Amino acid sequence: MSDIKHQINVIKVRNSVAREGEEQEVYAVMHTQKNDIERFISEMMEVNPGLEKENLQMSVHLMLRVMKDKILRGEVVNLGLFSVRLKCRGAAGADWDPERNSLYAGFTQSEQLRKEIQERTTVTIVANTRYAMNITDGRDIATGKDGFTATAGGNFLIRGKNIKLAGDDPEVGITLTSADGKVTRFTPGLIATNLPSQVMISIPPKLEEGEYLLKLTTRYTTNTKRLLKVPKTCMRTLFVRRSSE
């Protein structure tokens, strides 16, 4: 298991089911990206460029069809990260009453996923969504593909919200940290674009292939008259590949 951690941003929201005397606020995760089947297939091809898209599409759709049929037959499906089984709602009576009783698919996370959530995530509380930072997406300019795979020696575009590098604090900047703890810091000459919604960096050509923690820290704020008092940081996992050329 990799030691690289992922950052999860949370905000405080009103507890809509709280009764008088109970906690009126709870935390909610700020989700940064929606992923559909095509997105998964695209990223699988980034990890293994030798795979054919048509074969992957056929395999994924076939797996989902078989999984659905097994669930509908009352079988338990365990995919490693989670298991799925049909469960019942409603009180039992002499007969099954569709007005009172129903079936639903219940998902249970695995011990492996639970452990990785505990060990590989750090939580940051975003006090004001106006100043919230998020890295939402990326693009490998060398291949023209979206996602968090970059080519050594090529440019990588980071997309997000309030990610412009600003402030002279020593922490401000972008770094890549390898699984063994080696840190690569991007000097100004390696940062081609620096905007609130996108920052483009040049990946060093000699960077070894593998998984890295991408860390972006800034004091940028939408208020043009002042910077944030304390730098804020966003982190995402980035896979760097060697060019096939």
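Placed above this text is the structure.
Report follows, based on the coordinates.

Conventions we followed
- Residues numbered from 1 in each chain as written.
- Predicted model: local features only at pLDDT ≥ 70, side-chain atom pairs only at ≥ 80, totals over all residues.
- Heavy atoms only, no water.
- Helix = DSSP H or I, 4+ residues; strand = E, 2+ residues; numbered from the N terminus.
- Rg over C-alpha atoms; globule rule 2.2 N^0.38 Å.
- Buried < 20%, exposed > 50% of the residue type's maximum accessible area, 1.4 Å probe, protein only.
- Contact = heavy atoms within 4.5 Å.
- Areas by Shrake-Rupley, 256 points an atom, 1.4 Å probe, with all protein chains shown as cover.
- Lys, Arg positive; Asp, Glu negative; His and termini not counted.
- Charge placed at Lys NZ, Arg CZ, Asp CG, Glu CD.
- Pairing = 2+ DSSP bridges.

Some remarks on the overall build of the chain
Here's step 1: The helix and strand tally for the chain stands at three helices and 16 strands.
Here's step 2: Scaling as 2.2 N^0.38, a compact globule of 245 residues should have a C-alpha radius of gyration of about 18 Å, whereas the chain reaches 22 Å, well beyond that.
Here's step 3: With the C-alpha coordinates aligned to their principal axes, the bounding extent of the chain is approximately 75 × 55 × 30 Å.
Here's step 4: A burial count over the chain gives 33% of its 245 residues as buried.
Here's step 5: Taking the contacts inside the chain whose residues are at least 6 apart along the sequence as the reference set, 57% of them involve residues at least 24 apart.
Here's step 6: Of the roughly 15,800 Å² of accessible surface on the chain, 52% is carried by carbon and sulfur atoms.
Here's step 7: Taken together, the 36 basic and 30 acidic charged side chains of the chain have centroids lying 5 Å from each other.

A short note on the sheet that holds strand E3 (residues 77-78)
Here's step 1: Spatially, three strands are ordered E3-E4-E5 in an open sheet, and the strand pairing comes out antiparallel. Of all the strands in the sheet, the pair left with one neighbour each is E3 and strand E5 (102-109).
Here's step 2: Relative to strand E4 (residues 82-89), E3 is paired through two bridges, and the arrangement is antiparallel. Bridge pairing in E4 places valine 77 opposite valine 84.

Quick look at the environment of alanine 91
Here's step 1: Tracing the backbone through its elements, the reader meets alanine 91 in the loop between E4 and E5.
Here's step 2: Sequence separation of alanine 91 and asparagine 101 is 10 residues, and the distance between their C-alpha atoms is 7.0 Å.
Here's step 3: Residues within four places of alanine 91 in sequence aside, it is in contact with Arg100 and Asn101.

Coordinates in, geometry out; function isn't part of it.
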